[in-house]
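Structure assessment
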Amino acid sequence: MQCVGRGVPGRCGNAVMVAERFHRGTPITGADVREPTMDTATAILVVGAVLAVALAIIAIGLFRRANHRQLENARAEQERADRSARIDAANEAAEATKAAAEEKAAEILAQARAEAEQVEQHVGDTNSQLHQKRLDLEQREVRLGQREARLHVESRSLEGREQELTKQETAMAEKLVELDELENARKTELARVAGLTPEQAKSELIEAIENQAKREAAIKARDIEREANENAQVRAREIITLAIQRLASEQTSEAVVSVLNLPGDEMKGRIIGREGRNIRAFEQITGVNVIIDDTPEAVLLSCFDPVRREIARLTLEELVLDGRIHPHRIEEQYHKSRAEVENLCVRAGEDALVEVGITDVHPDLVALIGRLRYRTSYGQNVLQHLLEAAHLAGMMAAELGLDVTLAKRCALMHDIGKALTHEVEGSHALIGAEVARRYGENEDVVHAVEAHHNEVELRTVYAVLTQAADAISGSRPGARRESLEAYVKRLERLEEIAMAKDGVEKVFAMQAGREIRVMVLPDVIDDLQAQVLARDIAKQVEEELTYPGQIRITVVRESRSTEFAR
């Protein structure tokens, strides 16, 4: 807006200021519209222009205010709508929360009621239990009171009894002193009358009690033996008889030949050699003594080892057949004969195992069994004895329903120690058991070997069968023989053992030493003591003597009463 005037610049500015104050609503005073003196027309124009401008400004301000109010109203409406929407959403959420809360509250209330019911029930049960326990405690207190009263009464009674017992003890002590004095007086009087000291009387009393105990023990042992042997003897006799009948064996014993027949007596000189060099070389190489005497066309070979003696016999036999006898030839033929005998031992052992049907035996053990072919016991070939014992044990095991193979194995191995008795010290039973254990034999076999001469207590039925088969094979007629000197000594020792017992009158060794009949004094030995005497003699014979088979001890007690009629 531009003011036009006659060169009066302040009028336009004043008019503008008045219009702005009017627009702002500020009161306009006369000083504000006072103008310098001008023309009236100009003043009217200016005023009109000012008014127009003021109206325009006022109109614009009103328009703006109206628009502003409309905007504020629209905003207020929008805010009210938003607030209403939020309120509705909040109300819905509140309703949902309220419903969930009510549902949860219902569940909690139901659970609380159930728990309350359980608690009430538990409290009721607890109250009933407490009531019952209270009743029990009351009853127990009553019983304890009654028991305490009884104990009090009993305590008083015991005190009275204790005093009474004290008095009785005092009286008993006095009586014991009197009894000791009387006993000493009685012993003195008895010793004076009987002429015995107390020690002698005590020994006689002990002897009497010992005899009574032996008598009772003998009665008990006789009853047990009779009860055990009622059926066992019959069955054992049947089994042994059947086994003996089924065994077919030679009736004569086989002896190892130690005599070599020569084609002529001139061969003796060739065996001796120049200045005895051949016979010395032969004895040194073979370890066998060569005995050349006046026996025509025969040479005797002597050695404790039967295997070595057999090697020497084969060596000398081949040398005699060949005719060349000198030290080098003797040594060469000795090694050949030794290998041949070893092969014969192995073959003999294998044949024995095949005959009894036994397998899985260590090769060294087979060779030891074969070496028994050249060993004898009382004139009986040991290998043949083992085979007989194995067959007998197998037959008896079959009758008893036992393992036949194991029984045969035990019997076949029982004398294996005799192949080493000259190399190892000790009994052939214990040596054989150690050898069998070393070569992996069963413990039943080892026990049967070590126990067949009662050096170890019998623990298995196979050991008993082995012992029985050994006794049957060794005691059959013609199986064994012994020297006359050893036979006579054994008979004399049997009679000496029996005669050394108290109450024995006479002793007779009968049936080639297989039975001893002992005649006793009837007034010294009664029937039960006779049984004890027979058992004592048998035990001493077993401990002191070595013999084939078994020996029967019979004690005879005979009472005779004689009177003459006149």
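Since the model is a prediction, treat every value here as computed from it, not as a measurement. (Residues numbered from 1 in each chain as written. Predicted model: local features only at pLDDT ≥ 70, side-chain atom pairs only at ≥ 80, totals over all residues. Heavy atoms only, no water.)

**Thoughts on the overall build of the chain**
The line we're drawing: Counting from the N terminus, the helices are the DSSP runs of H or I reaching at least four residues and the strands are the DSSP runs of E reaching at least two. To sort residues, take the accessible area from a 1.4 Å probe on protein chains only and compare it with the maximum for the residue type: under 20% means buried, over 50% means exposed, and anything in between is partly exposed. Throughout, a contact is declared for two residues whenever any of their heavy atoms are within 4.5 Å.
Each helix and strand in the chain was counted, giving 16 helices and eight strands. Residues counted as buried form 28% of the 566 residues belonging to the chain. The contacts of the chain with a sequence gap of at least 6 include a subset with a gap of at least 24, amounting to 62%.

**A short note on the sheet that holds strand S6 (residues 504-510)**
Counted only if it meets this: Two strands pair under a simple rule: DSSP has to find at least two bridges between them. To get an axis, a line is fitted to the C-alpha atoms, and for a helix only the part in contact is used. The angle between two axes follows their N-to-C directions and goes from 0 to 180 degrees.
Ordered in space as S6-S7-S8, the three strands form an open sheet in which the pairing is mixed. Each edge of the sheet is formed by a strand with only one pairing partner; in this case those strands are S6 and strand S8 (552-557). Neighbour-to-neighbour, the strand axes of the sheet open up by a mean angle of 20 degrees, direction not taken into account. Here strand S7 (residues 515-520) runs beside S8; their pairing, made up of six bridges, is parallel. For Ile516, the partnering residue across the bridge sits in S8 and is Ile553. Contacting S6, S7 and S8, helix H16 (residues 527-544) crosses the sheet at an angle of about 155 degrees to S8.

**Some thoughts on the packing of helix H7 (residues 306-322) against helix H8 (residues 327-356)**
Relative orientation and spacing of two packed helices are given, respectively, by the angle between their axes and the distance between those axes. Quick reminder of the rule: With respect to orientation, any angle under 35 degrees is reported as roughly parallel, any angle over 145 as roughly antiparallel, any angle of 65 to 115 as roughly perpendicular, and every other angle as oblique. Two helices that cross are described as forming a left-handed crossing if the nearer one is turned anticlockwise from the farther one by less than a right angle, and a right-handed crossing if clockwise. Residues are sorted three ways: Asp, Glu, Lys and Arg are charged, Ala, Val, Leu, Ile, Met, Phe, Trp, Tyr, Cys and Pro are nonpolar, and all the rest, Gly among them, are polar.
The contact between H7 and H8 brings their axes to 8 Å, and the two run at 130 degrees. One way to sum up the angle between H7 and H8 is to call them oblique. The crossing of H7 and H8 is right-handed. Contacts between H7 and H8 involve Val307, Glu310, Ile311, Leu314, Thr315, Glu318, Leu319 and Asp322 from the former and Arg329, Ile330, Gln333, Tyr334, Ser337, Arg338, Glu340 and Val341 from the latter. Each residue belonging to the contact of H7 with H8 can be placed in one class, and the counts come to seven nonpolar, three polar and six charged.

**A closer look at the side chain of Ser337**
Among the structural elements, Ser337 can be located in helix H8. Filtering out sequence-adjacent residues up to four positions away, Ser337 remains in contact with Ile311, Leu314 and Thr315.

**A short note on the packing of helix H6 (residues 277-286) against H8**
As a packed pair, H6 and H8 sit with axes 9 Å apart at the nearest point and diverge in direction by 30 degrees. As the angle between them shows, H6 and H8 are arranged roughly parallel. Judged by the twist between their axes, the crossing of H6 over H8 is right-handed. Contact with H6, carried on its side by Arg277, Asn278, Ala281, Phe282, Ile285 and Thr286, involves Pro327, Ile330, Glu331 and Tyr334 of H8 and no other residues of that element. In terms of residue class, the contact of H6 with H8 is built from six nonpolar, two polar and two charged.

**So, the sheet that holds strand S2 (residues 289-291)**
Read from one edge to the other, the open sheet built from three strands follows the order S1-S3-S2, with strand pairing classed as antiparallel. The open sheet has two edge strands, strand S1 (259-261) and S2, and neither has a second partner. Within the sheet, the average angular offset between the axes of one strand and its neighbour, ignoring direction, is 30 degrees. Taken together, the three bridges between S2 and strand S3 (residues 298-302) define a ladder with antiparallel strand orientation. If you follow Ile291 over to S3, its bridge partner there is Leu300. Against the sheet, H7 contacts S1 and S3, and its axis sits at roughly 150 degrees relative to S3.

**With respect to a positive patch on the surface**
The following threshold applies: Within the patch definition used here, like charges are joined within 9 Å and nonpolar side chains (Val, Leu, Ile, Met, Phe, Trp, Tyr) within 5 Å, considering only residues with over 30% relative accessible area and no salt bridge. The Shrake-Rupley method, run with a 1.4 Å probe, gives the accessible areas here. Residue values count only the displayed protein chains as cover. By convention in these notes, a salt bridge is any Lys or Arg side-chain nitrogen within 4 Å of a carboxyl oxygen on Asp or Glu. Charged-residue counts in this description rest on Lys and Arg as positive and Asp and Glu as negative, His and the chain ends being excluded. Where a charge lies is defined by one atom per residue type: Lys uses NZ, Arg uses CZ, Asp uses CG and Glu uses CD.
On the surface, a cluster of positive charge is made up of Arg140, Arg143, Arg147 and Arg150. For Arg150, the position within the fold is in helix H3 (residues 40-194).

**A short note on the pattern of salt bridges**
Across all of its chains, the model carries 17 salt bridges by this definition. Note that Arg215 is salt-bridged to Asp526, the shortest N-O span being 2.8 Å. You can see Arg215 sitting in helix H4 (residues 198-246) and its partner Asp526 sitting in the loop between S7 and H16, a full 311 residues away along the chain. On the basis of relative accessibility, which here comes to 38%, the residue Arg215 falls in the partly exposed class. Here Arg313 ties to Glu317 by a salt bridge, and the two come within 3.2 Å at their closest N and O atoms. With Arg313 and Glu317 both in helix H7 and four residues apart, this pair spans about one turn of that helix. For Arg313, a relative accessible area of 19% translates into the label buried. A single salt-bridge network, built from bridges that share partners, covers Asp322, Arg324, Arg329, Glu332 and Lys336.

**A closer look at a negative patch on the surface**
A cluster of acidic residues, Asp88, Glu92, Glu95 and Glu102, forms a negative patch at the surface. Assignment of secondary structure puts Glu95 in helix H3.

**Digging into helix H11 (residues 404-413)**
Quick note on the threshold: Any pair of nitrogen or oxygen atoms within 3.5 Å is treated as a polar contact; in protein, a donor-acceptor pairing is required on top of that, and neighbouring residues in sequence qualify only through side-chain atoms on both sides.
Across the ten residues of H11, eight count as buried, placing the element largely inside the fold. Regarding H11, the residues found buried are Leu406, Ala407, Lys408, Arg409, Cys410, Ala411, Leu412 and Met413. At the N-terminal end of H11, a side-chain oxygen is found 3.2 Å from the backbone nitrogen of Thr405, two or three residues along, and the residue is Asp403.

**Quick notes on a nonpolar patch on the surface**
A grouping of Leu176, Leu179 and Leu182 is seen on the molecular surface, where their side chains present a nonpolar patch of about 300 Å² in accessible area. Here Leu179 lies in helix H3.

**Looking at H6**
Heads up, the condition is: Regarding the arc, it is the one traced by the directions from the helix axis to the C-beta atoms.
Looking at H6, one finds that the buried residues are Asn278, Ile279, Ala281, Phe282 and Thr286. Viewed along the axis of H6, the buried residues span an arc of 160 degrees, placing them on a single side of the element. On its buried side, H6 packs onto helix H5 (266-272), S2, S3, H7 and H8. Positive backbone phi, approximately 75 degrees, marks Gly287, located one or two places after H6.

**Points about the pairing of S7**
The pairing of S6 with S7 spans six bridges and is classified as antiparallel. When the bridges of S7 are listed, Val504 appears paired with Val520.

**Overview of unusual backbone geometry**
Across the chain, the bulk of peptide bonds are trans and the bulk of non-glycine residues have phi less than zero. For Glu275, which is not a glycine, the phi torsion comes out positive at approximately 55 degrees. On the basis of relative accessible area, Glu275 is assigned to the exposed category, the value being 72%. Even without glycine at this site, Asp360 takes up a positive phi of about 55 degrees. Within the secondary structure, Asp360 sits in the loop between H8 and helix H9 (363-371).

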